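Examination of the molecular architecture
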Amino acid sequence: MTPSPVTPESIQHAADLLRLGKLVAIPTETVYGLGADASNPEAVAKIFEAKDRPADHPLIVHLAYATQIRNWAEDVPDSALLLAREFWPGPLTMILPKNASVPMAVTGGQNTVALRVPNHPVALWLLRVFGGGIAAPSANRFGRISPTLAQHVAEELGDKVDCILDGGPCSVGLESTIIDLTDSQPTILRPGRIGPSQLEEVLKTQVAMKSQRKIRAPGMLATHYAPNTPALLCAKDALLALLTEQQRLGKRVGVLAFSAELSALPCQHSLRLPNKAGDYEASLYLSLRELDKLQLDSILVEQPPASEEWLAINDRLGKATV
Ligand code: TXA
Ligand code: MG
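The model shown is predicted, which means the values in this text are computed figures rather than measured ones. (Residues numbered from 1 in each chain as written. Chains lettered and ligands numbered in written order. Predicted model: local features only at pLDDT ≥ 70, side-chain atom pairs only at ≥ 80, totals over all residues. Heavy atoms only, no water.)

1. Considerations on the side chain of Asp292
In this fold, Asp292 is placed in helix α10 (residues 277–292). As a buried residue without a salt bridge, Asp292 has its nearest oppositely charged side chain in Arg144, at a separation of 5.5 Å. Once you skip the residues sitting within four places of it in the chain, Asp292 turns out to touch Pro227, Asn228, Thr229 and Ile299. (Helix = DSSP H or I, 4+ residues; strand = E, 2+ residues; numbered from the N terminus. Buried < 20%, exposed > 50% of the residue type's maximum accessible area, 1.4 Å probe, protein only. Lys, Arg positive; Asp, Glu negative; His and termini not counted. Salt bridge = Lys/Arg side-chain N within 4 Å of Asp/Glu carboxyl O. Contact = heavy atoms within 4.5 Å.)

Right, here's the structure in full:
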């Protein structure tokens, strides 16, 4: 399956495929999603099969409009309405109590549902033409790096999907922030572009951070988002020392760095990422994929700062590295 250019016809075709219970890969602003009709349990089952994903891992339901929340959630707290008004369409997923009509196949047997209105013209166009909710995890094999180009989906799941809509590169490049609103205190289950202080500013209350040890979302598994090549996170100086040492041993090493000091390394496979968190995010997965293809012995990743704007990046790098 090669990616289809976006036209009124290809959008109509994709919506028809969804109605027939087929799988469609969709561009969003975060990463590409592997979509199915969220109201059709057999269609949803195909997602798990295509990704090799355990069936108890819940999916995000994508909607065209915030007003559709009530079709999927039982109770809609004011906090959800506030966040939707501020951040939708956008890279924020809310966990709410599900209503009776949401198939258990979507929620992995849980009584909550994850909802998001994505901010990508192609995703929104398809959602509007389709009319219903589209259940979509990231369009990668379970445990691998999320796709930020249509080509990535074609390479990894090309034989499993019925259509790949090519919406160009994803502008955010990291998966959405997930916030659980089912408890009295809102809790971030997965950090993303929308950070805790932005959420706190809107909610006027403190937001908790789910401990990374408790596995509720598959994005929290330690092996998630990983390249095949062993990747190691290291501070700038340690990185230089390790690179020299590995090269002395005849190893083929890749480097992913952002500091100016590491811009001219004696290393063939060195990629320099932007030193602004937002720009870094947008090219991180692409760069990891690029280095992964070279069948190197290892990838050394420069440790980013610990500040809030790098929170989601540090979270994903922690999972991509050994
Ligand atoms: O940016 C994104 O969120 C992308 C695009 C395609 O929208 N989607 C995405 O889906 O990253 P996925 O399936 O790769 O990750 C969704 C996360 C999983 O960690 C899942 O466990 C969590 O959302 N999730 C879904 N429903 C949940 C629920 N009811 N309770 C807790 N976590 C839930
Ligand atoms: Mg995923």
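2. Regarding the pattern of salt bridges
Inspection of every chain in the model, using the stated rule, returns ten salt bridges. Close ionic contact of Lys293 with Glu155 constitutes a salt bridge, the shortest N to O distance being 3.6 Å. You can see Lys293 sitting in the loop between α10 and β15 (298–302) and its partner Glu155 sitting in helix α7 (residues 150–157), a full 138 residues away along the chain. On the basis of relative accessible area, Lys293 is assigned to the exposed category, the value being 57%. Salt bridges sharing common partners tie together Glu175, Asp315, Arg316 and Lys319.

3. Some points on the sheet that holds strand β13 (residues 253–257)
Strand order in the open sheet made by the four strands is β12-β15-β13-β14, with parallel pairing throughout. Edge strands, defined here as strands with exactly one partner in the open sheet, are β12 (231–234) and β14 (269–272). On average, adjacent strands in this sheet sit at an angle of 20 degrees to one another, irrespective of strand direction. Where β13 lies against β14, four bridges are found, and the strand directions are parallel. (Pairing = 2+ DSSP bridges. Axes fitted to C-alpha atoms, helices over the stretch in contact; angles between N-to-C directions.)

4. Topic: the packing of α10 against helix α11 (residues 311–320)
Here α10 crosses α11 at 20 degrees, and the two axes come no closer than 10 Å. Our classification of the angle between α10 and α11 gives roughly parallel. The interaxial crossing formed by α10 with α11 has left-handed handedness. Touching Ala277, Tyr280, Glu281, Leu284, Tyr285 and Leu288 of α10 are Ala312, Ile313, Arg316, Leu317 and Ala320, all from α11. Tallied by class, the residues present in the contact of α10 with α11 amount to nine nonpolar, no polar and two charged. (Parallel < 35°, antiparallel > 145°, perpendicular 65-115°, else oblique. Left-handed = near helix turned anticlockwise from the far one by under 90°. Nonpolar A, V, L, I, M, F, W, Y, C, P; charged D, E, K, R; others polar.)

5. Looking at the sheet that holds strand β4 (residues 60–62)
Across the sheet, which stays open at both edges, the eleven strands sit in the order β1-β8-β2-β3-β7-β4-β6-β5-β9-β10-β11 with mixed pairing between neighbours. Single-partner strands in this sheet number two, and they are β1 (4–5) and β11 (208–209). Each of β1, β2 (24–26), β3 (33–37), β7 (134–135) and β8 (163–166) touches helix α1 (residues 8–19); the most contacted strand, β8, lies at about 145 degrees to it.

6. Points about the packing of aromatic side chains
As enumerated under the stated definition, the model contains three aromatic pairs in all. Summarising the aromatic geometry, the rings of Phe258 and Trp310 are spaced 5.4 Å apart at their centres and angled 35 degrees between planes, so their arrangement reads as tilted. Of this pair, Phe258 sits in the loop between β13 and β14 while Trp310 sits in the loop between β15 and α11, placing them 52 residues apart in sequence. For the pair Phe258 and Trp310, one class covers both residues: buried. Through a chain of ring-to-ring contacts, the aromatic side chains of Phe258, Tyr280 and Trp310 assemble into a single cluster. (Phe/Tyr/Trp six-rings, centres within 6.5 Å; stacked < 30°, edge-to-face > 60°.)

7. Structural notes on the pairing of strand β10 (residues 187–190)
Sheet topology places strand β9 (residues 177–180) next to β10; three bridges connect them, and they run antiparallel. In the strand pairing of β10, Ile178 is matched with Arg190. Taking the residues that link successive antiparallel strands as the turn, the β9-β10 hairpin has six residues. Note that β10 and β11 share two bridges and pair parallel. Across the sheet, the residue bridging to Thr187 is Ala208, located in β11. Considered for its hand, the β-α-β crossover made up of β10, helix α8 (residues 196–203) and β11 is right-handed. (Right-handed = clockwise from strand over helix to strand, strands pointing away.)

8. Concerning the nonpolar core
Core analysis: the largest hydrophobic core is formed by 49 residues, its most contacted members being Leu83, Leu92, Met94, Leu115, Ile179 and Leu199. Ranked by residue count, the leading element in this core is helix α2 (residues 41–51), at five residues. The contacts of Met94, once residues within four sequence positions are left out, are Ala80, Leu83, Ala84, Trp88, Val113, Ala114, Leu115, Ile179 and Leu181. Within the second largest apolar cluster, 22 residues are counted, among which are Ala231, Leu256, Leu288 and Leu291. (Core = buried A, V, L, I, M, F, W, Y, C linked by side-chain atoms within 4.5 Å.)

9. What to know about the domain arrangement of the chain
Partitioning the chain into domains gives domain 1 (4–209) and domain 2 (231–320). Centre-to-centre, using C-alpha coordinates, domain 1 lies 29 Å away from domain 2. In this complex, domain 1 contributes 24 residues to the contact, which on the side of domain 2 involves 15 residues. When the buried area of domain 1 at its contact with domain 2 is split by residue, Ile145, Leu174 and Pro191 rank highest and sum to 39% of it. Taken together, domain 1 and domain 2 are joined by four salt bridges. A salt bridge links Glu281 to Arg193, with the shortest nitrogen-to-oxygen separation between them at 2.7 Å. The tally of links between domain 1 and domain 2 comes to nine residue pairs in polar contact (both at pLDDT 80 or more). Every element with two or more residues in the side of domain 1 that touches domain 2 is listed here: α7 and α8. It is α7 that provides the largest number of residues to the side of domain 1 that touches domain 2, a total of three residues. (Domains from an automatic or database assignment. Buried area = accessible area lost by both parts, 1.4 Å probe. Polar contact = N/O pair within 3.5 Å; in protein donor to acceptor, adjacent residues only side chain to side chain.)

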